[in-house]
Amino acid sequence: MEPELRHLRAFVAVAEHRSFTRAAQDLYVAQQALSQQVKALEEILGVQLLARSSRRVDLTLAGSAYLADCKRLLAASTRATRHVRAVAAGEAGRLRLAYSLSAAYETLPELTDRLTRQHPGLKLETREIFAGDACRALRDDRCDIALVPATSQPKGLTRRAVRREPLRVAVCDGHPLAGARTVSLGRLRGETFQLWPRDMSPGYYDAVLDACQGAGFEPVLDGTASGTNAWAGIAAGRGINLVVASLARQLPRDITLVPLTPPGPSLTIEAVWRTDHRHPATTHLLDVCADLYEVEDRPAAG
């Protein structure tokens with residue numbers, strides 16, 4: 001047999017108080033029960049730990065050595081209990097957060113800074129993905145939650161809007177619209193849009209098309225636009241695009257962002273997670289987003 005934690009606690013209490021009576025009072029147990037636990041511990045070990053007399057209780061040499069080890073074991077048990085409870089409450093452990101470009105330069109830094117300050121025991125692991133890969137990343141357990149432009153999701157995923165960010169027009173510095181204070185969407189009729197393919201970012205793609213259609217026209221799309229070469233096409237004057245305002249901080253050279261005439265369209269960023277595998281820290285992340293961006297939205301299953 002191996003000693004149990006209750007045996008160790010009983011022994012440590014008696015050793016520290018040098019009294020079965022005071023130890024029993026400290027542990028809120030009957031003195032007889034406490035004495036039986038210490039006796040059981042000595043029998044399991046085959047070692048006398050306490051020297052008992054009618055007046056006091058003293059530690060044997062073996063008991064003194066065992067006391068130090070017992071304290072370390074009980075302290076480790078307490079730490080383990082606190083840690084597992086913190087992980088279950090989302091206060092500690094690891095949260096794997098995936099994000100797409102639309103959240104990279106403002107949403108993600110603000111969110112991670114606030115979340116880690118409020119929950120310092122929580123370790124965030126972040127990775128950038130194409131929004132179109134979010135569903136696969138979640139299902140393959142490569143991330144716990146993803147921040148991507150809003151779009152419909154398949155069954156088994158839950159989503160919630162966390163931010164709505166205004167869209168602006170990205171043009172080259174030499175474009176006729178580059179110096180405008182604002183631009184109406186209708187002015188973009190006939191322009192070539194350097195828009196990523198839908199499979200790379202379906203929510204973003206749909207938001208741009210919806211904005212143009214709402215202004216009464218179908219956008220002309222450059223079929224070669226994909227990834228960074230879309231920016232190259234804009235910088236070279238081969239087209240324009242609608243992008244989130246926060247990208248102004250990280251624009252490539254020779255590109256300007258021009259605000260759209262109010263009320264302009266916006267891009268909704270959603271948090272998405274597996275319905276059957278909600279990470280305990282998801283609630284904390286959503287609460288931080290609500291504090292930062294004040295977007296009221298109910299979770300929606302895919």
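Residues numbered from 1 in each chain as written. Predicted model: local features only at pLDDT ≥ 70, side-chain atom pairs only at ≥ 80, totals over all residues. Heavy atoms only, no water.

(A) Summary view of the pattern of salt bridges. In total, this model carries 16 salt bridges according to the counting rule given. Here Glu4 ties to Arg6 by a salt bridge, and the two come within 2.7 Å at their closest N and O atoms. For Arg6, a relative accessible area of 42% gives the class partly exposed. Bridged by salt links that share partners, the residues Arg96, Asp141 and Asp144 form one connected network. (Salt bridge = Lys/Arg side-chain N within 4 Å of Asp/Glu carboxyl O. Buried < 20%, exposed > 50% of the residue type's maximum accessible area, 1.4 Å probe, protein only.)

(B) Quick look at the environment of Val14. In this fold, Val14 is placed in helix α1 (residues 5-17). Taking the C-alpha atoms as reference, Val14 lies 9.0 Å from Ser35; in sequence the two are 21 residues apart. Each residue touching Val14, except ones within four places of it in the same chain, is listed here: Ser19, Phe20, Ala23, Leu34, Val38, Leu50 and Val57. (Helix = DSSP H or I, 4+ residues; strand = E, 2+ residues; numbered from the N terminus. Contact = heavy atoms within 4.5 Å.)

(C) Spatial organisation of the packing of helix α2 (residues 20-27) against helix α3 (residues 31-45). Between α2 and α3, the shortest axis-to-axis distance is 9 Å and the interhelical angle comes to 105°. Classified by the interaxial angle, the pair formed by α2 and α3 is roughly perpendicular. Contacts from Phe20, Thr21, Ala23, Ala24 and Leu27 in α2 reach Gln31, Leu34, Ser35 and Val38 in α3. Each residue belonging to the contact of α2 with α3 can be placed in one class, and the counts come to six nonpolar, three polar and no charged. (Axes fitted to C-alpha atoms, helices over the stretch in contact; angles between N-to-C directions. Parallel < 35°, antiparallel > 145°, perpendicular 65-115°, else oblique. Nonpolar A, V, L, I, M, F, W, Y, C, P; charged D, E, K, R; others polar.)

(D) Looking closely at the packing of aromatic side chains. As enumerated under the stated definition, the model contains two aromatic pairs in all. Relative to Tyr66, the ring of Phe11 has its centre 5.8 Å away and its plane inclined at 40°; by these criteria the two rings are tilted. Linking Phe11 in helix α1 with Tyr66 in helix α4 (residues 61-88), this pair joins segments that are 55 residues apart in sequence. For the pair formed by Phe11 and Tyr66, the shared burial category is buried. Ring centres of Phe130 and Trp196 lie 5.8 Å apart, and the angle between their planes is 80°; on these two criteria the pair is classed as edge-to-face. With Phe130 in the loop between β4 (122-128) and α6 (134-139) and Trp196 in the loop between β7 (192-193) and α7 (202-214), the pair connects residues that are 66 residues apart, well separated along the chain. Exposure remark for Phe130: the relative accessible area of 40% places this residue in the partly exposed category. Look at Trp196 and you get buried, because its relative accessible area is 15%. (Phe/Tyr/Trp six-rings, centres within 6.5 Å; stacked < 30°, edge-to-face > 60°.)

The values reported here are purely geometric and, on their own, carry no functional implication.
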